[in-house]
Amino acid sequence: VIGSGAAQEQGKDSGNLSSAIGITELRKLLEKLSNGYEIAFLGVNGMTVPQEASRYLGVPLGCFVRKVEMDSPAMRAGLQQGDIIVSVNGKATYTFTEYTNICMQLEPGSRVEMKVMRKSQDEYKEMTVQMEAQEVK
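Per chain, residue numbering runs from 1 following the sequence as it is written. It should be noted that, the model being predicted, local features are given only for residues of pLDDT at least 70 and side-chain atom pairs only at 80 or more, the latter also being counted only at that level, while totals for whole chains, interfaces and linings use all residues. Side-chain metrics rest on all non-hydrogen atoms present in the structure, leaving aside hydrogens and water.

1. Here's the deal with the overall build of the chain
Of the regular secondary structure elements, the chain holds 4 helices and 10 strands. Counting helices and strands in the order they occur from the N terminus, the chain gives β-β-α-β-β-α-β-α-β-β-α-β-β-β. Note on classification: 1.4 Å probe, protein chains only; a residue is buried when its accessible area is under 20% of the maximum for its type, exposed when over 50%, partly exposed between these limits. A total of 137 residues make up the chain; the buried ones form 31% of that total. Surface accessibility follows the Shrake-Rupley procedure with a 1.4 Å probe radius. Residue values consider only the protein chains on display as shielding. When the accessible area of the chain is evaluated, it comes to approximately 8,800 Å², of which 50% is carbon and sulfur surface. Each helix is a run of H or I in the DSSP string that is no shorter than four residues. Each strand is a run of E no shorter than two, and both are numbered from the N terminus.

2. Things to note about the nonpolar core
Residues Leu-42, Leu-79, Ile-85, Tyr-99, Val-112 and Met-114 are the most contacted members of the largest nonpolar core, which totals 21 residues. Mapped by element, the contributors of at least two residues to this core are strand E5 (63-68), strand E6 (84-88), helix H4 (96-104), strand E8 (111-120) and strand E9 (123-132). Per-element tally for this core: the top contributor is H4, with 4 residues. Aside from chain neighbours lying at most four places away, what touches Leu-42 is Ser-72, Pro-73, Ala-74, Tyr-99, Cys-103, Leu-106, Val-112, Met-114, Met-131 and Ala-133. What makes a nonpolar core is a set of buried Ala, Val, Leu, Ile, Met, Phe, Trp, Tyr and Cys residues whose side-chain atoms join them at distances within 4.5 Å. Counting 6 residues, the second largest nonpolar core, distinct from the first, contains Val-49, Ala-53, Ile-84 and Val-86. Residues are treated as being in contact if the distance between any of their heavy atoms lies within 4.5 Å.

Shown next as structure tokens:
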């Protein structure tokens, strides 16, 4: 197994989208599940901000929030689609893989502090959100 792929929601402007998760990202999850560990859930679906988007469009490097799950810790904390996660518990998240690795170390019930960049008119402003990780049901 190299990874797992899935079709994404299709919208008017999105065309045919798909996503894939590499085995290196899945491995930690599979190890935790097979050893009976609880998995922490924050409710963020995201992607790495490409270097080109940062350079040419002025988007901060980090994890672009594509979707926030309903009634998730992230939604209750005020995270929004379009936010850029730049750190979790003081650890930088320049890629979605880094974000995922940090989240895999969390335990349900642990406090989480995220620094995010949110677009406000023509610039990004830093803000901090706090939440409590919940157990994956």
